[in-house]
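Listed here are the chains, written in short residue letters.
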Amino acid sequence: MNIGQYIYAKLAATTAITDLVGTRIYPVFQPQNTAYPVIVYLAKNEPHHLVKDQVSDLDTSVVTFHIWADAAQGQDAYASLDAIDSALRTALDFVEGTAGSITVESCHYDGSEDGRDEEMTLFLRSATYTFITRN
């Protein structure tokens, strides 16, 4: 299951997200010279039922969203992390439905934490969600 198809379709269609990051929503890494803020997501996928006596009709995807903002914007950058994190939670927490041809049976917010890049030029918020998708 490609949860990335769902994530991009869902977030790109959510005005609260696009008002904050446009369509700068990328899997694994962001392209060079991308403007900030930006959302980058990483997914770990596995069958929903680990007992393999039949083909699983559901998958579990644990997705970590890295929200990056330019520290040169000072407190405004940190405030943008809060706004984007809140918009993500509104768009995804306890959601179900189909987007990008992927059907999500359920999704829940697992938590978040703050960080920075090694050069201390970017603020980071990492937020994790668990999705159950139908095959």
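Structure first, text after, so check above.
Residues numbered from 1 in each chain as written. Predicted model: local features only at pLDDT ≥ 70, side-chain atom pairs only at ≥ 80, totals over all residues. Heavy atoms only, no water.

J.: What is the right way to read the environment of Glu96 from this model?
T.: With respect to the helices and strands, Glu96 occurs in the loop between α3 (75-92) and β4 (97-99). Each C-alpha atom of the pair Glu96 and His108 lies 10.0 Å from the other, and the pair is twelve residues apart in sequence. Those residues in contact with Glu96, other than ones at most four positions away along the chain, are Val104 and Glu105. (Helix = DSSP H or I, 4+ residues; strand = E, 2+ residues; numbered from the N terminus. Contact = heavy atoms within 4.5 Å.)

J.: Mind showing me how you'd approach unusual backbone geometry here?
T.: Backbone phi values are negative for most residues with the exception of glycine, while trans is the configuration of most peptide bonds. In this structure, the amide linkage connecting Tyr36 to the following residue, Pro37, adopts the cis form with an omega of 0°. Turning to its location among the elements, Pro37 is positioned in the loop between β1 (25-27) and β2 (38-47). At Asn33, a residue that is not glycine, the phi angle is positive and equals roughly 65°. Position of Asn33 relative to the elements: it lies in the loop between β1 and β2.

J.: Quick question: what am I supposed to make of the pattern of salt bridges here?
T.: Should their charged atoms come close, side chains of opposite charge can pair. According to the stated counting rule, one finds six salt bridges in the structure shown. Close ionic contact of Asp57 with Arg134 constitutes a salt bridge, the shortest N to O distance being 3.1 Å. With Asp57 in the loop between β2 and β3 (58-70) and Arg134 in strand β6 (residues 122-134), this residue pair connects regions lying 77 residues apart in the sequence. Judged by its relative accessible area of 39%, Asp57 is partly exposed. Given the relative accessible area of 34%, Arg134 is considered partly exposed. Notably, a salt bridge pairs Glu105 with Arg134, separated by 3.0 Å at the nearest N-O pair. Of this pair, Glu105 sits in strand β5 (residues 102-116) while Arg134 sits in strand β6; the two residues are 29 residues apart in sequence, bridging distant segments of the chain. Accessibility expressed as a relative area gives 32% for Glu105, which makes it partly exposed. Bridged by salt links that share partners, the residues Asp82, Asp85, Asp114 and Arg125 form one connected network. (Salt bridge = Lys/Arg side-chain N within 4 Å of Asp/Glu carboxyl O. Buried < 20%, exposed > 50% of the residue type's maximum accessible area, 1.4 Å probe, protein only.)

By themselves, these figures tell us nothing about what the structure is for.
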